[in-house]
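Observations on chain architecture
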Amino acid sequence: MSDKSRLPDAADLFPEMGELAGAMTRVTMNGAIPRKTVHLVQLRLGQLAGSTYHTVRQADLLRKAGATQQELDSVASWPTSPYFDDAERVALELAEAVLTANPLGERVSDELFARASAHYDEKALWTLALALSQMCYFLPVALIAKPVPGKPLGKNYPK
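Heads up: these notes are all about the structure in this document. What you are looking at is a predicted structure, and each value in this text was computed from that prediction instead of being measured. (Residues numbered from 1 in each chain as written. Predicted model: local features only at pLDDT ≥ 70, side-chain atom pairs only at ≥ 80, totals over all residues. Heavy atoms only, no water.)

**As for the overall build of the chain**
Heads up, the condition is: Going along the chain from the N terminus, every DSSP run of H or I of four or more residues is numbered as a helix, and every run of E of two or more is numbered as a strand. Throughout, the radius of gyration refers to the C-alpha atoms, and the reference size of a globule is 2.2 Å times the residue count to the power 0.38. Note on contacts: a residue pair qualifies if any of its non-hydrogen atoms lie within 4.5 Å across the two residues. Residue exposure ignores everything except the shown protein chains as possible cover, and the areas themselves are Shrake-Rupley values with a 1.4 Å probe. A residue counts as positive if it is Lys or Arg and as negative if it is Asp or Glu; His and the chain ends are not included. Each charge is placed at NZ for Lys, CZ for Arg, CG for Asp and CD for Glu.
Of the regular secondary structure elements, the chain holds eight helices and zero strands. Counting helices and strands in the order they occur from the N terminus, the chain gives α-α-α-α-α-α-α-α. Against the globule reference of 15 Å for 159 residues, the chain gives a C-alpha radius of gyration of 16 Å, in line with a compact fold. With the principal axes as the frame, the chain shows a C-alpha extent of 50 × 35 × 30 Å. A sequence separation of at least 24 residues applies to 68% of the contacts in the chain between residues at least 6 apart. Split by element, the accessible area of the chain, about 9000 Å² in all, is 59% carbon and sulfur. Side-chain charges of the chain comprise 17 positive and 18 negative groups, with the mean position of each set lying 9 Å from the other.

**Some details on the side chain of S5**
Counted only if it meets this: Accessible area is worked out with a 1.4 Å probe on protein chains only. A residue is then buried under 20% of its type maximum, exposed over 50%, and partly exposed in between. Pairs of N or O atoms within 3.5 Å make up the polar contacts considered here, provided that, within protein, one atom can donate a hydrogen while the other can accept it, and that residues adjacent in sequence are counted only when both atoms are side-chain atoms.
Of note, S5 is situated in the segment before helix 1 (10-13). Overall, S5 belongs to the buried group, its relative accessible area being 4%. A polar atom in the side chain of S5 sits 2.5 Å from the backbone oxygen of L7. In this structure S5 touches A145, K146, P147, V148, N156, Y157 and P158, once residues within four positions along its chain are discounted.

**Focus on the nonpolar core**
Selection criterion: In these notes, a set of buried Ala, Val, Leu, Ile, Met, Phe, Trp, Tyr and Cys residues joined through side-chain atoms within 4.5 Å is what counts as a nonpolar core.
Residues I33, V41, Y120 and L128 are the most contacted members of the largest nonpolar core, which totals 21 residues. When contributions to this core are tallied by element, the ones reaching two or more residues are helix 3 (35-49), helix 6 (86-99), helix 7 (110-117) and helix 8 (122-145). With seven residues, helix 8 is the single largest residue contributor to this core. Among residues more than four places away in sequence, those in contact with L128 are I33, V41, A91, L94 and Y120. Core analysis: the second largest hydrophobic core is formed by ten residues, L40, L43, A67 and V75 among them.

**Some details on helix 6**
Applied cut-off: For a helix, the expected span equals 1.5 Å multiplied by the number of residues minus one.
Compared with the 20 Å implied by 1.5 Å per residue over 14 residues, the 20 Å span of helix 6 between its first and last C-alpha is a close match. Residues of helix 6 that are buried sit in contact with helix 3, helix 7 and helix 8. Of the residues flanking the start of helix 6, the one acting as N-cap is D85, its side-chain oxygen 3.1 Å from the backbone nitrogen of A87.

**Here's the deal with the packing of aromatic side chains**
In plain terms, the rule: Here a pair means two rings of Phe, Tyr or Trp (six-membered ring of Trp) with centres within 6.5 Å. Their orientation is stacked below 30 degrees between planes, edge-to-face above 60, and tilted elsewhere.
Taken as a whole and judged by the stated rule, the model has one aromatic pair. Ring geometry for Y137 versus F138: centroids 4.8 Å apart, planes at 85°, classification edge-to-face.

**Brief notes about the pattern of salt bridges**
This is how the line gets drawn: The term salt bridge refers to a side-chain nitrogen of Lys or Arg lying within 4 Å of a carboxyl oxygen of Asp or Glu.
Enumeration according to the criterion identifies seven salt bridges in this entry. As a salt-bridge pair, K36 and E71 come within 2.6 Å of each other at their nearest N and O atoms. With a gap of 35 residues between them, K36 in helix 3 and E71 in helix 5 (residues 69-73) connect regions that are remote in the sequence. Its salt-bridge partner being E88, residue K36 comes within 3.4 Å of it at the nearest N-O pair. Pair noted here: K36 is in helix 3 and E88 is in helix 6, with a separation of 52 residues, a long-range link.

Here it is as C-alpha cells:
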C-alpha cells in the first residue's frame, strides 16, 4: 500500500469543495436518522465499491457513533447478522439497492420503499437518500485519487 495518494488534495485546486462537503455533512447529520445509521450505510457503500479509504473512514466514524465491534465485523454480512434492528436492515438494503444493478427490474422497488417508509418519515428518507448520495459523490474521488486510508482529513494527500 502506498503512503501517498495518486493526486493532490482537491481542496487545494477547488477551495469551494470544503463548503460543499460541509453542507453535505450538515444535511446528512440533521438528526432525522441516527448518526450510526448514516455511517452504517456509508460503510456498506464503501465496501460495495471496493474503497479501502471509505471502508476505513466509515468504520472509524461508525465506531465513534456507538457501533459495537460485532456490528462493525458483520456489516458485509448484514442479512444474516443478528446485530442490526429492522430500521438498520432496511437502510442497508436500500444502500445495496442503490449501488447494485438489478437486471430484473428497478433497483428500489415499491415494496422496498414501503418497508423503508414503515421505519422512516419523509425527512428521514430524504436524509438517508442524501447520505447515500454523499458517498456516491465521494466514491469516485477515493477510487481515482486514492487518499491514504486511516489518515485524518487534509493529511491523506501530499502537499
